[in-house]
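One letter stands for each residue in the lines below.
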2 protein chains.
Amino acid sequence: MKVNELAKRGGVTAETVRHYAREQLLAPQRHPDNGYQLFSDTDLERLRFIQRARKLGFSVAEIRDILTHADQGDSPCPLVRDLLASRLPQIRARIAELEALAERMEQAMESWQQMPDGSPDGHSVCRLIESFPDAPSIKETP
Amino acid sequence: MKVNELAKRGGVTAETVRHYAREQLLAPQRHPDNGYQLFSDTDLERLRFIQRARKLGFSVAEIRDILTHADQGDSPCPLVRDLLASRLPQIRARIAELEALAERMEQAMESWQQMPDGSPDGHSVCRLIESFPDAPSIKETP
DNA sequence: GTAGAACCTATGGGTAACCCATAGGTCAAG
DNA sequence: CTTGACCTATGGGTTACCCATAGGTTCTAC
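Chain A is annotated in an unreviewed UniProt entry as DNA binding domain, putative from Vreelandella titanicae BH1.

Draft legend 1. Seen up close, the overall build of chain A. Looking only at helices and strands, chain A has six helices and two strands in total. What you see in chain A, going N to C, is helices and strands ordered as α-α-β-β-α-α-α-α. Expected size for 142 residues packed as a compact globule is a radius of gyration near 14 Å; at 24 Å, chain A overshoots this value by more than 25%. Over its C-alpha atoms, taken along the principal directions, chain A stretches across nearly 70 × 35 × 25 Å.

Draft legend 2. The arrangement of the protein's contact with DNA strand C in detail. A:N4, B:T13, B:T16, B:Y20 and B:N34 are the nearest of the 18 residues found near DNA strand C. Within 4 Å of the protein, the contacting atoms of DNA strand C are drawn from sugar and phosphate to the extent of 84%. A:V3 is positioned with one of its backbone polar atoms (N or O) 3.5 Å from a phosphate oxygen of DNA strand C. Interatomic distance of 3.1 Å between a side-chain N/O atom of B:Y36 and a base nitrogen of DNA strand C. Those elements giving two or more residues to the surface near DNA strand C turn out to be helix 1 (3–10) of chain A together with helix 2 (14–22) of chain B. For the surface near DNA strand C, the leading source of residues is helix 2 of chain B, giving four residues. Here the surface near DNA strand C is built from residues that sort into five nonpolar, eight polar and five charged.

Draft legend 3. Local environment of the nonpolar core. Residues A:F58 and B:F58 are the most contacted members of the largest nonpolar core, which totals 80 residues. Every residue in contact with B:F58, bar those within four places of it in the chain, is listed here: A:I129, B:A53, B:I63, B:I66, B:V80, B:L83 and B:L84.

Cut-offs and rules
- Throughout, a residue's number is its position along its own chain's written sequence, starting from 1.
- Chain A is the first chain written and ligand 1 is the first ligand written, with later ones labelled in order.
- pLDDT decides what is reported in this predicted model: residues at 70 or higher carry local features, side-chain atom pairs at 80 or more are listed and counted, and totals for whole chains, interfaces and linings draw on all residues regardless.
- Working from all heavy atoms in the structure, the side-chain values ignore hydrogens and water.
- Secondary structure follows DSSP: runs of H or I at least 4 residues long count as helices, runs of E at least 2 residues long count as strands, and numbering of each begins at the N terminus.
- Our radius of gyration is a C-alpha quantity, and the globule rule it is checked against amounts to 2.2 Å times the number of residues to the power 0.38.
- Nearness here has a simple test: a residue counts as near a molecule or strand if at least one of its heavy atoms is within 4 Å of that partner.
- Under this definition, polar contacts are N or O atom pairs within 3.5 Å; protein pairs additionally need one hydrogen-donor-capable and one acceptor-capable atom, and for neighbouring residues in sequence, both atoms have to be side-chain atoms.
- Amino acids outside the nonpolar list (Ala, Val, Leu, Ile, Met, Phe, Trp, Tyr, Cys, Pro) and the charged list (Asp, Glu, Lys, Arg) are all regarded as polar, and Gly is one of them.
- Working definition of a nonpolar core: buried Ala, Val, Leu, Ile, Met, Phe, Trp, Tyr and Cys residues. They are joined through side-chain atoms within 4.5 Å.
- For every residue, the accessible area (1.4 Å probe, protein chains only) is compared with the maximum for its type, and the residue is labelled buried under 20%, exposed over 50%, or partly exposed between those bounds.
- In what follows, a contact means two residues having at least one pair of non-hydrogen atoms within 4.5 Å.

Next comes the structure, spelled out in structure tokens:
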């Protein structure tokens, strides 16, 4: 099957399929005449595997590693366990970051309710924001 | 003061200061002889404002808008209120996404405890992952 | 048989907020 | 006058795609 058909059967866009092919997660055959990528049913299974792995938080690069292991006949399962175990605390940390952010935002909105919209002068841009501490800025760890 | 001094006083890297200058959040003067960027105390105040705004979740582009308003003598405060009010539910949604992800990960790790590390065959890469549903993949809305 | 739709290819650019490397100019101190 | 510390501008990397473009192919209808 060609890109579009695989994409529809897997529930992703054709661009996503091409992306995975570029990133070596899929290795379709090529039609010798026109260079079209030809995917098999095994590729569809692979795509579904990729979807599940993405849903569990694995990155595309990690999934490539997992698939490479499997393609060489090695069990990728220990790797999978390790990756998940080390990723989970990162996700938890990210959640905590975002919760702290949300709390700051809510506190700000609340305390702003009784503050007027001032005009900017040479030293103040917006007292709403300036009424907050600066110090260590937020780390963006998506 | 030059880039490095502003950066140290503001608690950021010199690269970050250059980034903000490139993005028009800071508009330093230029030394006529050597082209060095020269920052004033007002720029330091501006940098501190930027830090506070970042900590409240504003993007660099949004902060540029806020500063542009203020530079034109308009109060940016209504904009600030609107931006924050519309960003907060997005943050909450992102938190919910990540919590769902974390829950999937924990469920996976738990159910995997009694599963062996299988060897890959033609149809299975890793049963650990394949034991999970695929369906709608996770949307990455950082 | 041929026009046009619908599909394919590869390439390159965009996203967010920086970080890092490079090449080359500047400056203060010893 | 030579280090070493600093400055400049440029371009590439990060993540997982999306989109536009130009040009080749296949399918469908007339």
